[in-house]
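Architecture at a glance
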Amino acid sequence: MNTKTKALIESYGRHLLGAVVTAIVIVGNGSSPLSFNMDQWADVANAIWAATIPVALRFINKKDPAFGRIAESVAKDAQKALDKKIRASKTPSKG
């Protein structure tokens, strides 16, 4: 699995967890999730698809450096810059 796919899955997981917990709190209105009826669980289930919206919007955004279509080139450039700094720091200074 490449890093972009892994980052997308992790982001979706965070959004999903936040959306489901929020939905349970709001739908339950202080009651336990164990006492929910089917309509309440259906409302909570809507959070599953709703959690895809922020991740999809970031994926569609061409300029998003983490998930967008330029993410791979940005990551390569950042890695090159980091490697250059590491090489520079390992070079003994003359003094």
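Here, every reference points to the structure presented above.
Summary of the structure given here. (Residues numbered from 1 in each chain as written. Predicted model: local features only at pLDDT ≥ 70, side-chain atom pairs only at ≥ 80, totals over all residues. Heavy atoms only, no water.)

Some thoughts on the overall build of the chain
Definition in use: Starting at the N terminus, helices and strands are each numbered in turn, a helix being any DSSP run of H or I of at least four residues and a strand any DSSP run of E of at least two. Buried residues are those whose accessible area, probed at 1.4 Å on protein chains only, stays under 20% of the maximum for their type, while exposed residues exceed 50% and partly exposed ones sit between those limits. Between two residues, a contact is recorded if the distance between any of their heavy atoms is within 4.5 Å. Shrake-Rupley sampling with a 1.4 Å probe provides the accessible areas, and residues are treated as covered by the protein chains on show and by no other component.
From N to C terminus, the chain includes four helices and zero strands. Scored against the burial criterion, the 95 residues of the chain give a buried share of 15%. Restricting to contacts in the chain with at least 6 residues of sequence separation, those with at least 24 account for 47%. Only carbon and sulfur atoms are counted for the fraction: they give 64% of the accessible area of the chain, which is about 7400 Å².

Description of a nonpolar patch on the surface
The condition is simple: Nonpolar side chains (Val, Leu, Ile, Met, Phe, Trp, Tyr) within 5 Å and like charges within 9 Å form the patches, drawn only from residues with over 30% relative accessible area and no salt bridge. Salt bridges are identified by distance alone: a Lys or Arg side-chain nitrogen within 4 Å of an Asp or Glu carboxyl oxygen.
Judged by side-chain polarity, Leu17, Val21, Val25 and Ile26 come together as a nonpolar surface patch covering roughly 410 Å² of accessible area. Tracing the backbone through its elements, the reader meets isoleucine 26 in helix α1 (residues 3–28).

A short note on the packing of aromatic side chains
Quick reminder of the rule: The criterion for an aromatic pair is that two Phe, Tyr or Trp rings (for Trp, the six-membered ring) have centres within 6.5 Å, with stacked assigned to planes under 30 degrees apart, edge-to-face to planes over 60 apart and tilted to the rest.
Taken as a whole and judged by the stated rule, the model has one aromatic pair. Between the aromatic rings of phenylalanine 36 and tryptophan 41, the centroid separation amounts to 5.1 Å while the plane-to-plane angle is 55°, which identifies the pairing as tilted. Judged by its relative accessible area of 9%, phenylalanine 36 falls in the buried class.

Examining the packing of helix α2 (residues 38–50) against helix α3 (residues 52–60)
When two helices pack together, their arrangement is given by the angle between the helix axes and by the axis-to-axis distance. For the record, the criterion: Between N-to-C directions, angles cover 0 to 180 degrees, with each direction set by a line fitted to C-alpha atoms, over the stretch in contact for helices. Working rule for angles: under 35 degrees goes down as roughly parallel, over 145 as roughly antiparallel, 65 to 115 as roughly perpendicular, anything else as oblique. By the convention adopted, Pro, Cys, Tyr, Trp, Phe, Met, Ile, Leu, Val and Ala count as nonpolar, Lys, Arg, Asp and Glu as charged, and the other residues, Gly among them, as polar.
The N-to-C vectors of α2 and α3 enclose an angle of 10°; their axes lie 6 Å apart at closest approach. Considering their axes alone, α2 and α3 lie roughly parallel with respect to each other. In this structure, α2 uses Ile48, Trp49 and Ala50 to contact α3, whose residues at the interface are Thr52, Ile53 and Pro54. Its residues assigned to classes, the contact of α2 with α3 shows five nonpolar, one polar and no charged.

Section: the packing of α1 against α3
Here is the rule: Crossing chirality is assigned from the near helix's rotation relative to the far helix, an anticlockwise turn below a right angle marking it left-handed and a clockwise turn marking it right-handed.
Where α1 meets α3, the closest approach of the two axes is 8 Å, and the angle between their N-to-C directions is 150°. Taken together, the axes of α1 and α3 lie roughly antiparallel to each other. When the axes of α1 and α3 are compared, the crossing they make is right-handed. Here α1 contributes Lys4, Leu8, Ser11, Tyr12 and His15 to the contact with α3, which in turn contributes Thr52, Pro54, Val55 and Phe59. Residues of the contact of α1 with α3, tallied by class, amount to five nonpolar, three polar and one charged.

Focus on α2
What counts is decided by this rule: In this analysis, the expected span of each helix is defined as 1.5 Å times one less than the number of residues it contains. N or O atoms within 3.5 Å of each other form a polar contact, as long as, within protein, one can give a hydrogen and the other can take it, and as long as residues adjacent in sequence are counted only when both atoms are side-chain atoms.
Spanning 13 residues, α2 covers 19 Å between terminal C-alpha atoms, matching the ideal 18 Å at 1.5 Å per step. Its side-chain oxygen at 3.0 Å from the backbone nitrogen of aspartate 39, asparagine 37 defines the N-terminal cap of α2.

Details of unusual backbone geometry
A positive phi angle, close to 50°, is found at asparagine 29, a residue other than glycine. By the secondary structure assignment, asparagine 29 is in the loop between α1 and α2.

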